[in-house]
Amino acid sequence: MKIATFNINGIKARLPRLIEWLEETRPAVACLQEIKSQDDGFPVADFEAIGYTAIWHGQKAFNGVAILADKRAGYEIAEVRRGLGIDGLKDGEGEQARYLEADVNGVRIACLYLPNGNPHPGPKFDYKLAWMERLRERMAEIWAEEVPAVVLGDFNVIPEDDDVWSVKAMADDALMQPESRAAYARFLNDGWTDALRTHNPRGGVWTYWDYQAGAWQRDHGFRIDHILLSPECADRLESAGVDKAHRGREKASDHAPVWVRLR
DNA sequence: ATGCCCGGTAGAACCGGA
């Protein structure tokens, strides 16, 4: 069972590339972030046409998450929850569309797009940390249900120094502040397994390359898209990887897809 | 020291991203 996460950076702009990736790699489950689409603009018919079913949670212009499943291969989605129950950054703002949870053929899937948190320090960084604490609470609830679970998406955290091409260049970024890393480490201390790290213990694997300053051509990237596994799923982990070549195609997202294969 | 490039939305000497 192949389960993937992909920050697509705009579903309208990315649709041809996204369809192409689904047909080439055919994941059982694909979690998408930054669809940047309102609910009624989600191109569900394009996914159904290639045998996928979908649920989605969007908002205007920013954020937005979706879960796709390969219906042709027999996978079905049962939505469990949308949103973590945490208000937006501004007073009176509703919840941002950053979290969607579902069961797919007996596996709990939690698809998330964690706040970036820049600039640091400041209210946006505080919001990021609050969001991470709320996520940790929800992960504890999932853990207590004792279902096989995969928590995956764009965490906007560079966990270790060997997860970034240059520590110096990114030192002041919210993605690798000690507080961000400590919050991420708490997920692992709670017992969740970082699948990509398990398969690449020495680091050096990137999932994001900036559009600017020739970052892709110079391989100036870092790892912020993560797949966390409950113990039952970790025992079934067969392989994990990044579809790096997709970052180099025309009209690509600035993130590459990340995936695991579970027995 | 700053911006580089994108997408979305608005029609910006825009914003947010990471």
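Residues numbered from 1 in each chain as written. Chains lettered and ligands numbered in written order. Predicted model: local features only at pLDDT ≥ 70, side-chain atom pairs only at ≥ 80, totals over all residues. Heavy atoms only, no water.

The name given to chain A in an unreviewed UniProt entry is Exodeoxyribonuclease III, and the organism recorded there is Erythrobacter fulvus. In its Cofactor (unreviewed entry) section, the UniProt entry covering chain A states "Mg(2+)". (UniProt positions renumbered as here; feature names shortened; annotations may be inferred.)

Asks: For this particular structure, what's the right way to read the pattern of salt bridges?
Replies: Side chains bearing opposite charge may pair, as long as their charged atoms lie close to each other. Inspection of every chain in the model, using the stated rule, returns 19 salt bridges. A salt bridge links Arg82 to Glu79, with the nearest nitrogen and oxygen atoms 2.7 Å apart. What makes Arg82 partly exposed here is its relative accessible area of 37%. By relative accessible area, which is 37% here, Glu79 ends up partly exposed. The closest approach of N and O atoms between Arg138 and Glu101, which form a salt bridge, is 2.7 Å. (Salt bridge = Lys/Arg side-chain N within 4 Å of Asp/Glu carboxyl O. Buried < 20%, exposed > 50% of the residue type's maximum accessible area, 1.4 Å probe, protein only.)

Asks: How should the UniProt feature "domain: Endonuclease/exonuclease/phosphatase" (unreviewed entry) in chain A be read in this particular structure?
Replies: Using the residue numbers shown here, the UniProt feature "domain: Endonuclease/exonuclease/phosphatase" (unreviewed entry) corresponds to residues 4-255. As annotated, residues 4-255 comprises 27% helix and 25% strand, and the C-alpha atoms at either end are separated by 13 Å. (Helix = DSSP H or I, 4+ residues; strand = E, 2+ residues; numbered from the N terminus.)

Asks: In this structure, what is going on with empty space enclosed by the protein? I would like to understand it.
Replies: Counting across every chain of the model gives two cavities of 30 Å³ or more. One number sums up the size of the largest cavity: a volume of about 70 Å³. Every residue along the wall of the largest cavity is listed here: Phe6, Arg14, Arg17, Trp21, His246, Arg247, Arg249, Ala252, Ser253, His255, Ala256 and Pro257. Residue contributions to the lining of the largest cavity peak at three residues, all from helix H1 (residues 11-25). Class assignment for the residues of the lining of the largest cavity results in five nonpolar, three polar and four charged. Taken as a whole, the second largest cavity spans an internal volume of roughly 40 Å³. Lining the second largest cavity are Asp163, Leu196, Arg197, Asn200, Gly203, Gly204, Val205 and Arg223. For the lining of the second largest cavity, the residue count by class is two nonpolar, three polar and three charged. (1 Å grid on protein atoms, 1.4 Å probe; cavity = no way out; pocket = protein on both sides within 12 Å on 5 of 7 lines; lining within 4 Å. Points joined across faces, edges and corners; volume = space filled by probe spheres on them. Nonpolar A, V, L, I, M, F, W, Y, C, P; charged D, E, K, R; others polar.)

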